[in-house]
Amino acid sequence: MTYQISNESVRAQRGPDIRVALIRTGRTTRRLTADYGLLIAFFAGWQIASTAGWLNPAVFPPIDRVASALWTGLSSGALVDDIAISLQRAGIAFAAAVGIGIPLGLFMGQIRAVERALDPILQLFRQTSALALYPVFILLLGLGEASKVFVIFWATLFPILLATIGGVKEVDPKLIEMARTFGANRLTTFRRVVLPASVPSIFVGLRLSATTALLLLIAAEMIGANKGVGFQVMNAQYNFRIPLMFAAIFLLAFLGLAANWVLVVLQRRLCRWSTAHH
Amino acid sequence: MTLIQAQAKGEVTIRDLTKSFTIDGQTLTVLKKINLDIRGGESLAIVGASGSGKTTLLRILAGLEEPDAGGVLIDGAPVHGLGRERSVIFQEPRLLPWLTVLGNVAFGLEVQGEPKSEAAERARHYIRLVGLGEFEGAWPRQLSGGMAQRVGIARALTVQPEILLLDEPLGALDAMTKMTMQEELNRIWAEEKVTLVLVTHDLEEAIFLADRVLVLPKAKGGAIRLIDIDLPRPRDRNDPAFVRYRRQLMSEFGLH
Ligand SMILES: Nc1ncnc2c1ncn2[C@@H]1O[C@H](COP(=O)(O)OP(=O)(O)OP(=O)(O)O)[C@@H](O)[C@H]1O
Ligand SMILES: [Mg+2]
């Protein structure tokens, strides 16, 4: 969403005419209202309902108290440590899933026999909830960082792997044949046709995986962790520090939005040729 | 380069070419002992009923398909598989959607190891030749069907083949665009001095573009027919002689 706004403002800068600029600004405001109006209303409603006592303020504290808990947590550095450790866990797992899932998917998608042999087991693994396997990973790797990173890695690997395989398999064979008529060998065909054609599909997998990574991160941090944003949600609730709990929840939502935004921007840069933005 | 060599370039010799397919356990002989000599620089159209093997013949010439028996010689040398002296233009433009017009046209050259800047330079020349000079930065999705097909033609030309193989390249276009493109193909063929082998459903297109029209037999194993089109170029579709050729070709298919 953000990129649309920045597009508008770039266009607005081009017109030297102040009136045009004003009209553009008006339009941007209207667009902002259209996009975020309901969200703002939601927070305003929460604030009013909580201070007026329509909602139990012990469960839903006013937004300003959540915000100040967030601010205190961030400025004191307490939450920053949690963010850092959470990002590290999710980041390592996601990077490993990307580093293994994409090359493996590209390879598997190209070779029919490999893909056919591995597909049933992949489907089985994918359908088995990573959370259900978490106890197994804990038994194998202990309750420390390794099992946490591994469960996230496991859950993020499959969306990336399957999306990559799907992307490679769906490359139009007519385009490959066209490349061959110009004398392209296997490697060139892969580099110039198969790989770029798979990029949109790979991004679908990446974005799905990023969401999954955060989901699993929170779950993993709720069991046997003493740091991390997910741990803070549980810990604050346990100690009845409800504003801090909501602060941590919003932080997680924000991390999810930020991850998705990074991927969207990257996708738009790599897929400028495509009309599909999302 | 001497004149004699120049004339010999792009000469295609087809000897006893036979090809069959197995469909559902049944063997279907599509091409049976075809013999044909295509002169260098000639424009040959291949017509025939649907399923008569036009595409199969063209794909064998391209090297995308191997014959069961017999073979193809190009400039006297037997060919197996694909080769740089041949370019194929398919019915669909087959553009790479992630490359601009320029990128697509330069693609063939780049694949063949030409440095990027030289490939781009030559590509620009052919983009102008097909009349798309303004569109070199456009994405394929922004092009009309006719424009996309022109890009495909330019891409095939940049590698400067001796032989241009076209399988119903204008089949998907509307009647008006088709006629314009036929005129362009006529001009390009004359300018580039390539051997043109054009598979088409359109008898008028065959007469408009070809020196000779090859009619594939309807009954398998029947004889092929060759019809010389002896008309000055550019050809006039309303010329009585043109119309006579059309009638003659139609009668080959039992049409009136
Ligand atoms: N790869 C293949 N496998 C099996 N049979 C094939 C194959 N390719 C072509 N055929 C068969 O060969 C015959 C000729 O096909 P071809 O595509 O050459 O016809 P065509 O003259 O180009 O027809 P159209 O005018 O409809 O394009 C058809 O009966 C078709 O079923
Ligand atoms: Mg055909």
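First things first, this report covers the structure right here in the doc.

**Here we look at the overall build of chain A**
Phase 1 of the analysis: From N to C terminus, chain A includes 11 helices and zero strands.
Phase 2 of the analysis: For chain A, the N- to C-terminal ordering of α and β elements is α-α-α-α-α-α-α-α-α-α-α.
Phase 3 of the analysis: For chain A, buried positions account for 40% of its 278 residues.
Phase 4 of the analysis: By sequence separation, contacts in chain A at least 24 residues apart represent 70% of the contacts at least 6 residues apart.
Phase 5 of the analysis: Total accessible area on chain A stands at roughly 15,500 Å², and carbon and sulfur atoms take up 68% of it.

**Observations concerning helix H8 (residues 173-181) of chain A**
Phase 1 of the analysis: Burial in H8 of chain A covers these residues: Leu175, Glu177, Met178, Ala179 and Thr181 of chain A.
Phase 2 of the analysis: The elements touched by buried residues of H8 of chain A are helix H9 (186-222) of chain A together with helix H2 (54-62), strand E6 (86-89), helix H3 (101-111) and helix H5 (145-158) of chain B.
Phase 3 of the analysis: For H8 of chain A, the N-terminal capping position is held by Asp172 of chain A, with its side-chain oxygen 3.0 Å away from the main-chain nitrogen of Lys174 of chain A.
Phase 4 of the analysis: A positive backbone phi angle near 90° is found at Gly183 of chain A, which sits one or two residues after H8 of chain A.

**Observations regarding the pattern of salt bridges**
All names here are of chain B.
Phase 1 of the analysis: A complete count under the given rule lists 26 salt bridges over all chains for this structure.
Phase 2 of the analysis: A salt bridge links Arg237 to Glu183, with the nearest nitrogen and oxygen atoms 3.9 Å apart. One end of the pair, Arg237, is in the loop between strand E10 (225-228) and helix H8 (240-252); the other, Glu183, is in helix H6 (residues 175-192), with 54 residues separating them in the sequence.
Phase 3 of the analysis: Accessibility expressed as a relative area gives 12% for Arg237, which makes it buried.
Phase 4 of the analysis: A relative accessible area of 46% means that Glu183 is categorised as partly exposed.

**Points about the sheet that holds E10 of chain B**
Residues and elements named next belong to chain B.
Phase 1 of the analysis: Judged by pairing direction, the sheet is mixed, and its six strands sit side by side in the order E6-E7-E8-E3-E9-E10 without closing on themselves. Of all strands in the sheet, those with a lone pairing partner are E6 and E10, marking the two edges. The sheet shows a mean angle of 20° between the axes of neighbouring strands, taken without regard to direction.
Phase 2 of the analysis: Against the sheet, H5 contacts E6 and strand E7 (163-167), and its axis sits at roughly 175° relative to E6.
Phase 3 of the analysis: Lying on the sheet, H8 is in contact with strand E3 (43-47), strand E9 (212-215) and E10; it crosses E10 at an angle near 175°.

**With respect to the packing of aromatic side chains**
Phase 1 of the analysis: In this structure the tally under the stated criterion is 17 aromatic pairs over all chains.
Phase 2 of the analysis: Ring centres of Phe43 of chain A and Phe250 of chain A lie 5.6 Å apart, and the angle between their planes is 70°; this geometry places the pair in the edge-to-face category. Separated by 207 residues along the polypeptide, Phe43 of chain A in helix H2 (residues 18-51) and Phe250 of chain A in helix H11 (residues 242-270) bring together distant segments of the chain.
Phase 3 of the analysis: Residues Trp154 of chain A and Phe158 of chain A carry aromatic rings whose centres are separated by 5.1 Å and whose planes lie at 75° to one another, so their mutual orientation is edge-to-face. One end of the pair is Trp154 of chain A and the other is Phe158 of chain A, both in helix H7 (residues 145-169) and four residues apart, which spans about a single turn. Accessibility assignment for this pair places Trp154 of chain A and Phe158 of chain A in one class, buried.
Phase 4 of the analysis: One aromatic cluster is present, built from ring pairs that chain together Phe42, Phe43, Trp46, Phe60, Phe246 and Phe250 of chain A.
Phase 5 of the analysis: Just above the ring of Phe90 of chain B sits the side chain of Arg94 of chain B; from NZ or CZ to the centre is 3.5 Å.

**A few points about the interface of chain B and chain A**
Phase 1 of the analysis: Opposite the 24 residues of chain B that make contact, chain A presents 19 residues.
Phase 2 of the analysis: Note on chain B versus chain A: buried area summed over both sides is about 2,100 Å², and carbon and sulfur give 65% of it.
Phase 3 of the analysis: Contact with chain A buries surface across chain B, with Arg94, Trp98 and Phe107 of chain B losing the most and accounting together for 32% of the total.
Phase 4 of the analysis: Where chain B touches chain A, the interface holds four salt bridges.
Phase 5 of the analysis: Between Glu177 of chain A and Arg94 of chain B there is a salt bridge, with its nearest N and O atoms 2.8 Å apart.
Phase 6 of the analysis: Linking chain B with chain A are seven residue pairs in polar contact (both at pLDDT 80 or more).
Phase 7 of the analysis: Taken together, the elements giving at least two residues each to the side of chain B that touches chain A come down to E6, H3 and H5 of chain B.
Phase 8 of the analysis: No other element matches H3 of chain B, which puts four residues into the side of chain B that touches chain A.
Phase 9 of the analysis: Looking at the side of chain B that touches chain A residue by residue, the class counts come to 14 nonpolar, three polar and seven charged.

Rules behind the numbers
- Residues numbered from 1 in each chain as written.
- Chains lettered and ligands numbered in written order.
- Predicted model: local features only at pLDDT ≥ 70, side-chain atom pairs only at ≥ 80, totals over all residues.
- Heavy atoms only, no water.
- Helix = DSSP H or I, 4+ residues; strand = E, 2+ residues; numbered from the N terminus.
- Buried < 20%, exposed > 50% of the residue type's maximum accessible area, 1.4 Å probe, protein only.
- Contact = heavy atoms within 4.5 Å.
- Areas by Shrake-Rupley, 256 points an atom, 1.4 Å probe, with all protein chains shown as cover.
- Polar contact = N/O pair within 3.5 Å; in protein donor to acceptor, adjacent residues only side chain to side chain.
- Salt bridge = Lys/Arg side-chain N within 4 Å of Asp/Glu carboxyl O.
- Pairing = 2+ DSSP bridges.
- Axes fitted to C-alpha atoms, helices over the stretch in contact; angles between N-to-C directions.
- Phe/Tyr/Trp six-rings, centres within 6.5 Å; stacked < 30°, edge-to-face > 60°.
- Lys NZ or Arg CZ within 6 Å of the ring centre and 35° of its normal.
- Buried area = accessible area lost by both parts, 1.4 Å probe.
- Nonpolar A, V, L, I, M, F, W, Y, C, P; charged D, E, K, R; others polar.

Shape is all these values report; function is a separate question.
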